[in-house]
Amino acid sequence: NYKARSLFETYYRQLFGSDYYWTAKDAGAMSQLLQKLKFQREQKQMDVADESILYALQYLLLSIKEGWIFENFSVTNINSKFNEIVSQAKNSRKRKKLFQKQM
């Protein structure tokens, strides 16, 4: 959880130019978020080592580029909208591949 917090705070600082105010609620949400990522990777029979989960977290954060979640970028919101974020990221990749095939 410490490494995930550090990764999130660094990314937040780079993205918004200010520090993230971390709360106990954020710590609980981060634990849940890491569990969701681990579960998702287990279902796909992917590596679930700590570094692999951190990579998945980084990928998830990078996939949030616009919309309500981006405008309200917090650990608790990302955790609560996890399925929507994953769905949007998958749809974005599919559209990108489809577009590349057409060219």
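No experiment lies behind these values; they were computed from the predicted model shown. (Residues numbered from 1 in each chain as written. Predicted model: local features only at pLDDT ≥ 70, side-chain atom pairs only at ≥ 80, totals over all residues. Heavy atoms only, no water.)

## Overview of the overall build of the chain
Reasoning step 1: Counting its regular elements, the chain contains six helices and zero strands.
Reasoning step 2: Ordered by position from the N terminus, the helices and strands of the chain form the series α-α-α-α-α-α.
Reasoning step 3: Going through the 103 residues of the chain one by one, you find that 33% of them count as buried.
Reasoning step 4: Summed over its atoms, the accessible surface of the chain is roughly 7300 Å², and 50% of this surface lies on carbon and sulfur atoms. (Helix = DSSP H or I, 4+ residues; strand = E, 2+ residues; numbered from the N terminus. Buried < 20%, exposed > 50% of the residue type's maximum accessible area, 1.4 Å probe, protein only. Areas by Shrake-Rupley, 256 points an atom, 1.4 Å probe, with all protein chains shown as cover.)

## Things to note about the side chain of D26
Reasoning step 1: Along the chain, D26 turns up in helix α2 (residues 24-43).
Reasoning step 2: It turns out D26 is buried and unbridged, and the closest side chain with the opposite charge, K25, is 7.8 Å from it.
Reasoning step 3: Polar side-chain contacts of D26 include one of 2.8 Å to the side chain of Y20.
Reasoning step 4: Residues in contact with D26, not counting those within four places in the same chain, are Y20, Y21, V75 and T76. (Lys, Arg positive; Asp, Glu negative; His and termini not counted. Salt bridge = Lys/Arg side-chain N within 4 Å of Asp/Glu carboxyl O. Polar contact = N/O pair within 3.5 Å; in protein donor to acceptor, adjacent residues only side chain to side chain. Contact = heavy atoms within 4.5 Å.)

## Comments concerning the side chain of R41
Reasoning step 1: One can find R41 in helix α2.
Reasoning step 2: One buried charge, R41, has no salt-bridge partner; the nearest side chain with opposite charge is D47, at 5.6 Å.
Reasoning step 3: One polar contact links R41 to S52, side chain to side chain, over a distance of 2.5 Å.
Reasoning step 4: R41 has contacts with M46, D47, V48, S52, I53 and A56, leaving out every residue within four places of it along the chain.

## Focus on the packing of aromatic side chains
Reasoning step 1: Under the defined criterion, the tally for this structure stands at 12 aromatic pairs.
Reasoning step 2: Relative to Y20, the ring of F8 lies with its centre 4.9 Å away and its plane at 80 degrees, an arrangement referred to as edge-to-face. Here Y20 lies in the loop between α1 (2-16) and α2 and F8 lies in helix α1, a separation of 12 residues in the sequence. As far as the burial class goes, F8 and Y20 line up, both buried.
Reasoning step 3: Judged by centre distance (6.0 Å) and plane angle (50 degrees), the ring pair of Y11 and F73 falls under tilted. Of the two residues, Y11 sits in helix α1 while F73 sits in the loop between α4 (67-71) and α5 (75-80), which places them 62 residues apart along the sequence.
Reasoning step 4: Residue classification places F73 among the buried residues on the basis of a relative accessible area of 5%.
Reasoning step 5: Three or more aromatic residues joined by ring pairs make a cluster, and in this case those are F8, Y11, Y12, F16, Y20, W22, F70 and F73.
Reasoning step 6: It is K81 that lies over the ring of W68; its NZ or CZ is 5.9 Å from the centre. (Phe/Tyr/Trp six-rings, centres within 6.5 Å; stacked < 30°, edge-to-face > 60°. Lys NZ or Arg CZ within 6 Å of the ring centre and 35° of its normal.)

## A look at the nonpolar core
Reasoning step 1: In this structure, F8, M30, L57, L60, L61, F73 and I78 are the most contacted members of the largest nonpolar core, which totals 26 residues.
Reasoning step 2: By residue number, the principal contributor to this core is helix α3 (residues 50-63), which donates six residues.
Reasoning step 3: Dropping the residues within four chain positions of it, L57 is found in contact with A4, L7, M30, L33, L34 and L37. (Core = buried A, V, L, I, M, F, W, Y, C linked by side-chain atoms within 4.5 Å.)

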